[in-house]
There are 4 protein chains.
Amino acid sequence: MSLEDIQKDVDKWVSQYKIGYYPPLAIIAQAAEELGELSREINNRYGPRIKKSDKDTADVGEEICDVIFAMICMANYHKINLDEFWKRKMDKCYGRDDNRWEKKE
Amino acid sequence: MSLEDIQKDVDKWVSQYKIGYYPPLAIIAQAAEELGELSREINNRYGPRIKKSDKDTADVGEEICDVIFAMICMANYHKINLDEFWKRKMDKCYGRDDNRWEKKE
Amino acid sequence: MSLEDIQKDVDKWVSQYKIGYYPPLAIIAQAAEELGELSREINNRYGPRIKKSDKDTADVGEEICDVIFAMICMANYHKINLDEFWKRKMDKCYGRDDNRWEKKE
Amino acid sequence: MSLEDIQKDVDKWVSQYKIGYYPPLAIIAQAAEELGELSREINNRYGPRIKKSDKDTADVGEEICDVIFAMICMANYHKINLDEFWKRKMDKCYGRDDNRWEKKE
């Protein structure tokens, strides 16, 4: 399990600065902004306004990490151990949601 | 570096099912839904419509993991190695964004 | 032109209360929450996790109005006359974006 | 009541084109993109990364109209009469939500 390392990465960087973490509502706005940028890229590739080559995956990877970064800030602000919650999420996937779709043979 | 483990967790679970990953635009809608749930919780805690105790961090951790889960699905769908992009993100933090805020003494 | 009437509707209701408009970052979180609810409904109808009948349009209409309500609050908070900006938006549609797609014969 | 006029504006413009309305999941992605742009502007003005003057309200008005435009497309796609749902929304405000906050004397 390993989201903890990512959380430490972010904390080390943020801790250098006087300002520290943004307040939670500003992190939400940040996350909405980043999800918006990912949405634009995905709409450009898969929506009706096709504009770009779908060869290059650089932007999608960057935009995904920008959203994850905002999520890590939110977790760190609240001193949340994400590995614990990730484990719970996976347990729920294999528990409650296990038979939600048809399995391969 | 370790987002790879999380990506494998998700892939192992999704690969059981015939349906596989959602199409990218459906993943965006999923991410918007999960970010919406996190937003409600954060607004309840920090916005003017204060309703809940801020002692319990359970819901915030769950909602964060739901958003991350959607991001991991988006990455896996595109066969993106997130550790690589996370490293780039951190390099950008220490590079371009290094002096964006005042540092502690 | 007529978004002004909608803006007045909202202002009349909000003005009854001591609290007044939410601060802008809380309105963003509210809008993200409402867009999330619309996203869930749309994903249920058109995404791979089809669950519901697509006959009933009640929920979609409600969720759309909830997003618009948040936008009206944001405009009113800033004393923005939306009819003016709507006119500009339409002018841009017929100007810059006029030949973005192929027209019907 | 008057969202109908706005709906007709959009329909007149969209109906010129062969492509017509985007599919609903693409409209969600469009709305997420536009809400993201509004979020950035609001975070710039009210969040900790203050960058801009708050005198000019032009961008906020434009971004709000971009979100509303996406909502109108979603309504038109579903042949929803928004005036009807807006009336319901207002009724709910004066009904269920009437005593949610303290009123002015």
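Now for a description of the structure that goes with this document.

Turning our eyes to something else, we now look at the relation of the copies chain A and chain B. The second copy of the chain is related to the first by a rotation about an axis and a shift along the axis. Least-squares fitting of chain A to chain B yields an RMSD of 0.0 Å, with the superposition described by an axial translation of 0.0 Å and a rotation of 180°. This pairing of chains is accounted for by a two-fold axis. Comparing contact sets, 100% of the residues at the interface of chain A also lie at the interface in chain B, consistent with an isologous, same-surface contact.

The next point concerns the interface of chain B and chain C. With 15 residues of chain B in contact, the opposing surface of chain C contributes 15 residues. Carbon and sulfur atoms make up 57% of the surface buried where chain B meets chain C, a total of about 1,300 Å² over both sides. Between the two partners, chain B and chain C, sit four salt bridges. Notably, a salt bridge pairs Arg40 of chain C with Glu33 of chain B, separated by 3.8 Å at the nearest N-O pair. At the surface where chain B touches chain C, the tally comes to four residue pairs in polar contact (both at pLDDT 80 or more). Looking at the side of chain B that touches chain C residue by residue, the class counts come to seven nonpolar, four polar and four charged.

Position of Ala26 of chain D relative to the elements: it lies in helix 2 (residues 24-46). For the pair Ala26 of chain D and Asp98 of chain D, spaced 72 residues apart in sequence, the C-alpha to C-alpha distance is 35 Å. Discounting chain neighbours no more than four positions away, the residues touching Ala26 of chain D are Asn43 and Pro48 of chain A together with Leu25 of chain B.

When the parts of a complex come together, some accessible area is lost, and that lost area is often taken as the interface size. With 63 residues of chain A at the interface, the matching set in chain B holds 63 residues. When chain A packs against chain B, the two sides together hide about 6,000 Å² of surface, and 72% of this comes from carbon and sulfur. Across the chain A-chain B interface, the total number found is six salt bridges. The salt bridge involving Lys18 of chain B is made with Glu102 of chain A; its shortest N-O contact spans 2.8 Å. On inspection of chain A and its partner chain B, the count reaches 15 residue pairs in polar contact (both at pLDDT 80 or more). Those elements that provide at least two residues to the side of chain A that touches chain B are helix 1 (3-14), helix 2 (24-46), helix 3 (58-77) and helix 4 (82-94) of chain A. The leading source of residues in the side of chain A that touches chain B is helix 3 of chain A, at 15 residues. Class assignment of the residues belonging to the side of chain A that touches chain B gives a composition of 37 nonpolar, 10 polar and 16 charged.

Attention now goes to the relation of the copies chain B and chain C. Once chain B is rotated about the relating axis by 180° and shifted along it by 0.0 Å, it coincides with chain C to within an RMSD of 0.0 Å. Comparing interface residues between copies, 100% of those in chain B also sit at the interface in chain C, which points to an isologous, same-surface contact.

A word on the packing of aromatic side chains. Per the stated rule, a full pass over the model turns up 16 aromatic pairs over all chains. Ring geometry for Phe69 of chain A versus Trp86 of chain B: centroids 6.1 Å apart, planes at 35°, classification tilted. Here Phe69 of chain A is found in helix 3, whereas its partner Trp86 of chain B is found in helix 4 (residues 82-94) on a different chain. Taken as a pair, Phe69 of chain A and Trp86 of chain B share a single burial class, namely buried. In this structure an aromatic cluster arises from ring pairing among Trp13, Tyr17 and Phe69 of chain A together with Trp86 of chain B. If you follow Lys89 of chain B out to its NZ or CZ, it ends over the ring of Phe69 of chain A, 4.5 Å from the centre.

What counts as what
Residue numbers here run from 1 along each chain, matching the order of that chain's written sequence. Here every chain gets a letter starting at A, and every ligand a number starting at 1, in the order they are written. Two thresholds apply to this predicted model, a pLDDT of at least 70 for residue-level local features and 80 or more for giving and counting side-chain atom pairs, whereas whole-chain, interface and lining totals are computed over all residues. The basis for every side-chain value is the complete set of non-hydrogen atoms in the structure, without hydrogens or water. Copy-to-copy alignment: least squares on C-alpha atoms, limited to residues at pLDDT 70 or above in both. Two residues form a contact once any of their heavy atoms are found within 4.5 Å. By convention, the term buried area covers the 1.4 Å-probe accessible surface removed from two parts as they join, with the contributions of both added. Salt bridge, as used here, is a side-chain nitrogen of Lys or Arg placed within 4 Å of a carboxyl oxygen of Asp or Glu. Here a polar contact means two N or O atoms within 3.5 Å. Within protein one must be a hydrogen donor candidate and the other an acceptor candidate, and residues neighboring in sequence count only if both atoms are side-chain atoms. Here the nonpolar group is Ala, Val, Leu, Ile, Met, Phe, Trp, Tyr, Cys and Pro; Asp, Glu, Lys and Arg are the charged ones; every other residue, Gly included, is treated as polar. Only DSSP runs of H or I covering at least 4 residues are called helices, and only runs of E covering at least 2 are called strands; the numbering of each starts at the N terminus. The pairing test for Phe, Tyr and Trp rings, Trp by its six-membered ring, is centres within 6.5 Å, and the orientation test on the planes gives stacked under 30 degrees, edge-to-face over 60, and tilted for anything in between. Burial classification: accessible surface area is computed with a 1.4 Å probe over protein chains only, and a residue below 20% of its type maximum counts as buried, one above 50% as exposed, and the rest as partly exposed. To sit over a ring, a charge needs its Lys NZ or Arg CZ within 6 Å of the ring centre and within 35 degrees of the ring normal.

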